[in-house]
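# Geometric and topological summary
Now for the letters of each chain:
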Amino acid sequence: MNEKERFTKYVWPKVKDFFNKYGPANYDGYQKGKGWLGPYIWSENGDTVKVITRFCEEEFGWDIVHNESKICKYMYANFPLKGETAKERKSIDIDITDARNCKGPDEFRGVKGSFKHGLFIEVKHIKKGAIYNDPNKKKEGFINDCAKLQKQLDLKRCGYAIAILIDDGDENGKPFIKKCDKLKNEIKKCCPDVEPLIWQKN
């Protein structure tokens, strides 16, 4: 079973269960004229990614799960390639890679051998009431994440890729993304190797 299969079978159900029980969608969130009605102080990178990372570490091990993994010349010998610039300094939210058996930096960076990273995961979170960002911008960011991941797959920098969108819904609890299956099918047409996962409260 590869990393993507393990994530979807063992990690994703735990992530969904956590957000159903404890995520900010369970609270009032941001409401016009009233502000933030907690109790959570929740951020995309600091909390959403952290929660998903925690469940990844339970499944894969703490030394195999990495956050903010850089796409740069120090990590990949083939950076930058055509269409990339050295100034981009992209990073991956969660990188599930076992590099313990690499025999040195040349093997790790792909100068020699066939080593590549395992599973790349990107995360977007539309928070309850969309306190900071227009939901459409987050949706666009999710689609862009899929394109970014497909490019990394095409460049053979990783073996598998997953894009996650957490949709808390509006102040009344109605999901922002109305047709999840349609969106995922559209993404699959341009990013066939990326697995798009969307959470909405049950």
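Everything here concerns the structure above.
For every chain, the first residue of the written sequence is number 1, and numbering continues from 1 onward in sequence order. Per-residue local features are limited, in this predicted model, to residues with pLDDT of at least 70; the limit for side-chain atom pairs, both in listing and counting, is 80 or more; totals at the level of whole chains, interfaces and linings are taken over all residues. Each side-chain value is worked out from all heavy atoms of the structure, with water and hydrogens disregarded.

## So, the overall build of the chain
Elements are defined by DSSP. Helices are runs of H or I of four residues or more, strands are runs of E of two residues or more, and each kind is numbered from the N terminus. Looking only at helices and strands, the chain features 5 helices and 7 strands. In sequence order, the chain lays out its α and β elements as α-β-β-α-β-β-α-β-α-β-α-β. Whether a residue is buried, partly exposed or exposed follows from its accessible area with a 1.4 Å probe, protein chains only, as a fraction of its type maximum: under 20%, in between, or over 50%, in that order. Taken across its 202 residues, the chain has 45% of its residues classed as buried. Should any heavy atoms of two residues lie within 4.5 Å, those residues are counted as being in contact. Taking the contacts inside the chain whose residues are at least 6 apart along the sequence as the reference set, 70% of them involve residues at least 24 apart. Each accessible area is a Shrake-Rupley result for a 1.4 Å probe, and residues are judged covered by the shown protein chains and nothing else. Summing over all exposed atoms, the chain offers an accessible surface of approximately 10900 Å²; the carbon and sulfur share of this is 49%.

## Re the packing of aromatic side chains
Each Phe, Tyr or Trp ring (for Trp, its six-membered ring) is paired with any other whose centre lies within 6.5 Å, and the angle between the two planes then decides the class: stacked below 30 degrees, edge-to-face above 60, tilted in between. A full pass over the atoms with the stated rule returns 4 aromatic pairs. On the numbers, 5.5 Å between centres and 85° between planes, the contact of phenylalanine 18 with phenylalanine 19 is edge-to-face. Judged by centre distance (6.2 Å) and plane angle (65°), the ring pair of phenylalanine 18 and phenylalanine 55 falls under edge-to-face. Of this pair, phenylalanine 18 sits in helix α1 (residues 3-22) while phenylalanine 55 sits in helix α2 (residues 44-60), and the two are 37 residues apart along the sequence. Every member of this aromatic cluster is reached through a ring pair, and the members are Phe18, Phe19, Tyr22, Phe55 and Trp199.

## Thoughts on the pattern of salt bridges
Opposite charge on two side chains lets them pair, provided their charged atoms get close. The working definition used for a salt bridge is a side-chain nitrogen of Lys or Arg within 4 Å of a carboxyl oxygen of Asp or Glu. All told, the structure shown has 10 salt bridges when counted by the stated rule. One salt bridge connects arginine 6 with glutamate 59, and the closest N-O pair in it is separated by 2.9 Å. Remark: glutamate 59 occurs in helix α2 and arginine 6 occurs in helix α1; sequence separation between them is 53 residues. Residue arginine 6 is classed as partly exposed on the basis of its relative accessible area of 25%. Lysine 21 serves as the salt-bridge partner of aspartate 17, at 3.4 Å between the closest nitrogen and oxygen. Of this pair, aspartate 17 and lysine 21 both sit in helix α1, 4 residues apart, which is roughly one turn of that helix. With a relative accessible area of 36%, aspartate 17 lands in the partly exposed category. Since its relative accessible area comes to 48%, lysine 21 is described here as partly exposed.

## Side note on α1
In α1, a bend of some 40° at valine 11 exceeds every other bend along the element, and proline 13, a proline, comes one to four places later. Looking only at α1, the buried set comprises Phe7, Val11, Trp12, Val15, Phe18, Phe19 and Asn20. Turning to α1, the residues buried within the fold contact α2, β5 (117-126), β6 (158-167) and β7 (194-200). Where α1 begins, one side-chain oxygen reaches toward the backbone nitrogen of lysine 4, 3.0 Å away; that side chain belongs to asparagine 2. Bend is computed residue by residue as the angle between axes fitted to the seven residues ending at the residue and the seven residues starting at it. Counting of polar contacts relies on pairs of N or O atoms within 3.5 Å, with two restrictions inside protein: one atom must be capable of donating a hydrogen and the other of accepting it, and residues adjacent in sequence are counted only when both atoms are side-chain atoms.

## Details of the environment of glutamate 186
Relative to the assigned elements, glutamate 186 resides in helix α5 (residues 180-190). Taking the C-alpha atoms as reference, glutamate 186 lies 9.5 Å from isoleucine 143; in sequence the two are 43 residues apart.

## Structural notes on the sheet that holds strand β3 (residues 65-71)
Sheet architecture is open: 5 strands sit in the order β3-β4-β5-β6-β7, paired in mixed fashion. Sheet topology places β3 and β7 at the edges, where each strand pairs with a single neighbour. Within this sheet the neighbouring strands show an average axis-to-axis angle of 30°, counted without direction. When DSSP finds two or more bridges between a pair of strands, those strands are recorded as paired. Strand direction decides the pairing type here: β3 and strand β4 (residues 90-96), joined by 6 bridges, are antiparallel. Counterpart to isoleucine 71 in the pairing with β4 is lysine 90. Orientation is described by axes fitted as lines to C-alpha atoms, over the contacting stretch for helices, and by angles from 0 to 180 degrees between their N-to-C directions.

## Digging into the pairing of β4
With 7 of 7 residues buried, β4 is to be regarded as a mostly interior element. Where β4 lies against β5, 3 bridges are found, and the strand directions are antiparallel. Within β5, the position partnered with isoleucine 96 by the bridge is leucine 119.

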